[in-house]
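Next come the chains, spelled out residue by residue.
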Amino acid sequence: MEIAALDVTDADAIVDIVGRVGRLDGLFNCAGIVPHGTILDLTDAEWERSVALNVTSMVRLTRAVLPGMLERADETGTASILNMASMASSVKGFVNRTAYGATKAAVIGLTKGIAADFVAQGIRCNALCPGTVDTPSLRGRIAAAADPVQAEKDFIARQPMGRLATVEDIVPMVVYLLSDESRFVTGQAVLVDGGVTI
């Protein structure tokens, strides 16, 4: 197994690493940022960075990996792409998440398009739509708030289960959607949100 750093906004770096790694059975597109604010707070630069990281990186990585996946699917019968979307997307709007919600909605559309185009060739593509997950990124947003204690309480308050998701809550669904256990699942936006969108 090879572990390597990758700037997913660097098109040349994507081509280089995919060339080194070779054919894959699975791809998990998971890089992203969460800009804060309404559309009136959103600068062109922040919007372009959000699109580049949250959407365009997935397009480039998938485009680089897919030819090898198609070859593998011929041999193994299936290959899987999983894109990290969010409940904050076309599924549900959230205050001060305009750029994030718009780009994650685009991820769901991208996922369904890939799934439709390649379903007959043994490629599955799904989107994972988690709720609020306790990650270093979230901790950074909480710490940057005017009142970090209240910010954490607010994040927890919107979770019907009364807690934030942990990485351990999300990983089993990632493994499932990338594995042959989900071989009849494609084109889906799978919610793992602790009941937020009930």
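Use the structure listed above.
The structure contained in this document is the topic of the report that follows. Worth saying up front: this structure is predicted, and the values here are computed from it rather than measured.

## A few points about the overall build of the chain
Okay, so step 1: When helices and strands are tallied, the chain shows six helices and four strands.
Okay, so step 2: Shown N-terminal to C-terminal, the secondary structure of the chain runs as helices and strands in the order α-β-α-β-α-β-α-α-α-β.
Okay, so step 3: A globule of 198 residues ought to have a C-alpha radius of gyration of about 16 Å, and the chain, at 17 Å, matches this closely.
Okay, so step 4: With the principal axes as the frame, the chain shows a C-alpha extent of 55 × 35 × 30 Å.
Okay, so step 5: Counting every position in the chain, which comprises 198 residues, the buried fraction comes to 39%.
Okay, so step 6: Nonlocal contacts in the chain, meaning residues at least 24 apart in sequence, comprise 74% of its contacts between residues at least 6 apart.
Okay, so step 7: Taken as a whole, the chain presents about 10500 Å² of accessible surface, with 58% of it coming from carbon and sulfur.
Okay, so step 8: Separation between the mean location of the 17 positive side-chain charges and that of the 23 negative ones in the chain comes to 4 Å.

## Some words on unusual backbone geometry
Okay, so step 1: Located in the positive-phi region is asparagine 96, a residue other than glycine, with phi close to 60°.
Okay, so step 2: Assignment of secondary structure puts asparagine 96 in the loop between strand E2 (79-84) and helix H3 (98-118).
Okay, so step 3: A relative accessible area of 22% means that asparagine 96 is categorised as partly exposed.

## Overview of empty space enclosed by the protein
Okay, so step 1: For the structure on display, the rule yields one cavity of 30 Å³ or more.
Okay, so step 2: Together, Pro35, His36, Gly37, Thr38, Asp41, Leu42, Glu46, Thr98 and Ala99 line the largest cavity.
Okay, so step 3: For the lining of the largest cavity, the class distribution of residues is three nonpolar, four polar and two charged.

## Some remarks on the packing of aromatic side chains
Okay, so step 1: Applying the stated criterion across every chain, the model contains zero aromatic pairs.
Okay, so step 2: The ring of phenylalanine 94 carries lysine 92 above its face, with NZ or CZ at 5.5 Å from the centroid.

## Describing the packing of helix H4 (residues 136-144) against helix H5 (residues 148-157)
Okay, so step 1: Two elements in contact, H4 and H5, have axes separated by 7 Å at closest approach and are oriented at 130°. Considering the angle they form, H4 stands oblique to H5. Note on element contacts: H5 touches H4 through Pro148, Ala151, Glu152 and Phe155, opposite Leu138, Arg139, Ile142 and Ala143.
Okay, so step 2: Residues belonging to the contact of H4 with H5 are distributed by class as follows: six nonpolar, no polar and two charged.

## Describing the pattern of salt bridges
Okay, so step 1: Summed over all chains, the structure comprises five salt bridges.
Okay, so step 2: Salt-bridge contacts for glutamate 152 lead to arginine 139; the nearest nitrogen and oxygen are separated by 3.1 Å. In this pair, glutamate 152 sits in helix H5 while arginine 139 sits in helix H4, placing the two residues 13 residues apart along the sequence.
Okay, so step 3: Residue classification places arginine 139 among the partly exposed residues on the basis of a relative accessible area of 31%.

Thresholds applied
- Residues numbered from 1 in each chain as written.
- Predicted model: local features only at pLDDT ≥ 70, side-chain atom pairs only at ≥ 80, totals over all residues.
- Heavy atoms only, no water.
- Helix = DSSP H or I, 4+ residues; strand = E, 2+ residues; numbered from the N terminus.
- Rg over C-alpha atoms; globule rule 2.2 N^0.38 Å.
- Buried < 20%, exposed > 50% of the residue type's maximum accessible area, 1.4 Å probe, protein only.
- Contact = heavy atoms within 4.5 Å.
- Areas by Shrake-Rupley, 256 points an atom, 1.4 Å probe, with all protein chains shown as cover.
- Lys, Arg positive; Asp, Glu negative; His and termini not counted.
- Charge placed at Lys NZ, Arg CZ, Asp CG, Glu CD.
- 1 Å grid on protein atoms, 1.4 Å probe; cavity = no way out; pocket = protein on both sides within 12 Å on 5 of 7 lines; lining within 4 Å.
- Points joined across faces, edges and corners; volume = space filled by probe spheres on them.
- Nonpolar A, V, L, I, M, F, W, Y, C, P; charged D, E, K, R; others polar.
- Phe/Tyr/Trp six-rings, centres within 6.5 Å; stacked < 30°, edge-to-face > 60°.
- Lys NZ or Arg CZ within 6 Å of the ring centre and 35° of its normal.
- Axes fitted to C-alpha atoms, helices over the stretch in contact; angles between N-to-C directions.
- Parallel < 35°, antiparallel > 145°, perpendicular 65-115°, else oblique.
- Salt bridge = Lys/Arg side-chain N within 4 Å of Asp/Glu carboxyl O.

Keep in mind these numbers describe shape, not what the thing actually does.
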